[in-house]
Amino acid sequence: MPTTADPLAALGALPGVADSVDSVRRAVDRVYGHRVMRRRSSEVTAEAVLRGARASAALGGADWPLEEVRRRSDFGADAEARTVGAALRATAEAGQLLDVWRQSPLRVLARLHLVAAGGDVRDSASVRSGGDPVGRPRLAGEPVTEPLLEGFPLLDAAEVSARLDALAQLVVAGTSAPALVVAAVVHGELMALRPFGTYNGLVARAAERIVLIGGGLDPKSVCPAEVGHAEQGGDAYVRALEGYVSGTPEGMAEWIAHCGRAVELGARESTAVCEALQRGAA
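Q: Give me the overall build of the protein chain: which residues, what numbers.
A: Broken down by element type, the protein chain carries 14 helices and 0 strands. When the helices and strands of the protein chain are listed from N to C terminus, the series reads α-α-α-α-α-α-α-α-α-α-α-α-α-α. A compact globule built from 282 residues would reach a C-alpha radius of gyration of about 19 Å, and the protein chain, at 18 Å, matches this within 12%. Based on the C-alpha atoms only, the size of the protein chain along its principal axes is roughly 55 × 50 × 35 Å.

What follows is the structure in structure tokens.
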């Protein structure tokens, strides 16, 4: 990442990034301009949250049909069910943490992980004492489970802590970079670091959602990037992430473009929802 006073703004100047930003802006504007959004935007938002959570869970190893997610109420039966439940909780929680994110991103990340883990928490006293790995960054020697990134290089806990602090400082300091660029960096950095023992992907994608909302690109949260990430496929997701981890200008631009395409596909999904609502089919 460039070492300038505003490194995220420098990323916005990479070849192809401006085109991605413009393309995403047009896709988002099309959704917001749909006539259904004038009176039924809350319904579109609710559906986008559900579809985004389903897609995030799919990338986390639990690829359930949308209607199965919609009808279920018990998400503790097995590992896949717990992943779907974690995705639903984290995605829903993201919209409640915008103000805290601007002041303390690390608190938000801890909260997202705590919410995602849900029933996996052993007891609250253990969490407060640091004895339970839920809601705090992993310590040296603690394992990490992330199905999509098995075999992906894992940084040691000390480097993870330092880079988390650096990421938080960037967020708090603010930037002139477009929301897409900031969201892509937050998402990519969290996936590269995998600071928690579990549910890192769910947390990273929820954090991306927070930035897209708070950065003004998608203030009503109707363009679920998670849907686009899942639609492009796990292999493409990992390849693009490898570009981010490489740190090269080409790799960074590739990852930002991938995230941009994910937002565009999410916008397309919600456009279809708007059309269904208009026809009375949803």
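There is more to say, and it comes next.
Q: Describe unusual backbone geometry, with residues and values.
A: Its identity is not glycine, yet Arg194 carries a phi of approximately 40°, on the positive side. With respect to the secondary-structure elements, Arg194 resides in the loop between helix H10 (179-193) and helix H11 (200-214). A positive phi angle, close to 55°, is found at Ser221, a residue other than glycine. For Ser221, the location among the structural elements is in the loop between H11 and helix H12 (225-232). Take Ser221: its relative accessible area is 9%, and that puts it in the buried class.

Q: Which residues make up the pattern of salt bridges, and what values do they have?
A: Close approach of charged atoms allows side chains of opposite charge to pair. For the structure shown, the criterion picks out 17 salt bridges. Notably, a salt bridge pairs Arg25 with Asp29, separated by 3.1 Å at the nearest N-O pair. Of this pair, Arg25 and Asp29 both sit in helix H2 (residues 17-32), 4 residues apart, roughly one helical turn. With a relative accessible area of 32%, Arg25 lands in the partly exposed category. Look at Asp29 and you get partly exposed, because its relative accessible area is 41%. Two residues, Glu43 and Arg40, come together in a salt bridge whose shortest N-O distance is 2.8 Å. A residue pair is termed a helical-turn pair when its members lie 3 or 4 positions apart in one helix, as Glu43 and Arg40 do in helix H3 (residues 37-59) at 3 residues. The exposure class assigned to Glu43 is partly exposed, which follows from its relative accessible area of 36%.

Q: Pulling in residues and values, what's your account of the packing of aromatic side chains?
A: What describes a pair of aromatic rings is the distance from one ring centre to the other and the angle between the planes of the rings. The final tally for this structure, using the stated rule, is 3 aromatic pairs. Linked through ring pairs, Tyr237, Tyr244 and Trp255 together constitute an aromatic cluster.

Q: Before we move on, can you summarise H12 with the specific residues and values?
A: In an α-helix there are 3.6 residues to a turn, and that puts residues three or four apart on one side. Turning to H12, its buried residues are Ala225, Glu226, Val227, Gly228 and His229. Residues of H12 that are buried in the fold lie against H3, helix H5 (79-94), H10, H11, helix H13 (234-246) and helix H14 (249-279). Backbone geometry just after H12 places Gly233 at a positive phi near 95°.

Q: Quick rundown of the state of the cysteines? Include the residues and the values.
A: Summed over all chains, the structure comprises 0 disulfides. Not part of a disulfide, Cys223 finds its nearest cysteine sulfur in Cys274, a span of 9.2 Å. Under the relative-accessibility criterion, Cys223 is labelled buried at 3%. Of the residues examined, Cys274 reaches a relative accessible area of 0% and is grouped as buried.

Q: Residues and numbers for the nonpolar core, please.
A: Across soluble globular proteins, nonpolar side chains show a tendency to be buried alongside one another. Ranked by size, the top nonpolar core spans 86 residues in total, and within it Trp101 and Val186 carry the most contacts. Here this core takes 12 residues from H10, the largest share from any one element. The residues contacting Trp101, other than those within four sequence positions of it, are Val108, Leu109, Val171, Val186, Ala207, Ile210 and Val211.

Q: Account for the packing of H3 against H5, naming residues and giving values.
A: Put simply, H3 and H5 touch, their axes get as near as 8 Å, and they point 135° apart. Between H3 and H5, the angle falls in the class oblique. The two elements H3 and H5 meet at a crossing, and its hand is right-handed. Of the residues in H5, those touching H3 at Val49, Leu50, Ala53 and Ala57 are Thr83, Val84, Ala87, Leu88, Thr91 and Ala92. For the contact of H3 with H5, a count of residues per class yields 8 nonpolar, 2 polar and no charged.

Q: So what's going on with the environment of Leu167? Which residues, and what values?
A: Mapped onto the elements of the fold, Leu167 is located in helix H9 (residues 157-173). The exposure class assigned to Leu167 is buried, which follows from its relative accessible area of 7%. Residues Leu167 and Ala87, spaced 80 residues apart in sequence, show a C-alpha to C-alpha distance of 23 Å. Ignoring sequence-local partners within four residues, the contact set of Leu167 consists of Val185, Val186, Glu189 and Leu190.

Q: Requested: an account of the environment of Ala240, with residues and values cited.
A: Mapping Ala240 onto the fold places it in helix H13. Considering only alpha carbons, one finds Ala240 and Ala267, 27 residues apart in sequence, at a separation of 20 Å. Excluding residues that lie within four positions of it along the chain, Ala240 makes contacts with Gly251, Glu254, Trp255 and His258.

Criteria and thresholds
- The numbers attached to residues start from 1 for each chain and follow its sequence in the written order.
- At least 70 in pLDDT is required for a residue's local features to be given in this predicted model, at least 80 for side-chain atom pairs to be given and counted, and no such filter applies to totals for whole chains, interfaces and linings, which use all residues.
- For side-chain calculations, the full set of non-hydrogen atoms in the structure is used, while hydrogens and water are omitted.
- Each helix corresponds to a stretch of at least 4 residues labelled H or I by DSSP, and each strand to a stretch of at least 2 residues labelled E; elements are numbered beginning at the N terminus.
- A radius of gyration in this sense is built from C-alpha atoms; the matching globule rule multiplies 2.2 Å by the number of residues raised to 0.38.
- When a residue's accessible area, from a 1.4 Å probe over protein chains only, is under 20% of the maximum for its type it is buried; when over 50% it is exposed; and in between it is partly exposed.
- Salt-bridge detection follows one rule: a side-chain nitrogen of Lys or Arg within 4 Å of a carboxyl oxygen of Asp or Glu.
- Stacked, edge-to-face and tilted are the three classes for Phe, Tyr and Trp ring pairs, Trp counted by its six-membered ring, which pair at centre distances within 6.5 Å; planes under 30 degrees apart are stacked, over 60 edge-to-face, the rest tilted.
- Note on definitions: a residue-residue contact is assigned when non-hydrogen atoms from the two residues lie within 4.5 Å.
- Criterion for a disulfide: a pair of cysteine sulfur atoms within 2.5 Å.
- For this analysis, a nonpolar core means a set of buried residues of the types Ala, Val, Leu, Ile, Met, Phe, Trp, Tyr and Cys, connected via side-chain atoms within 4.5 Å.
- Between the N-to-C directions of two axes lies an angle of 0 to 180 degrees, each axis being a line fitted to C-alpha atoms and, for a helix, fitted only over the stretch in contact.
- Under this scheme an angle from 65 to 115 degrees is roughly perpendicular, one under 35 degrees roughly parallel, and one over 145 degrees roughly antiparallel; angles in between are oblique.
- Rotating anticlockwise by less than a right angle from the far helix to the near helix defines a left-handed crossing, while the corresponding clockwise rotation defines a right-handed one.
- Residues are grouped as follows: nonpolar covers Ala, Val, Leu, Ile, Met, Phe, Trp, Tyr, Cys and Pro; charged covers Asp, Glu, Lys and Arg; every other residue, Gly included, is treated as polar.

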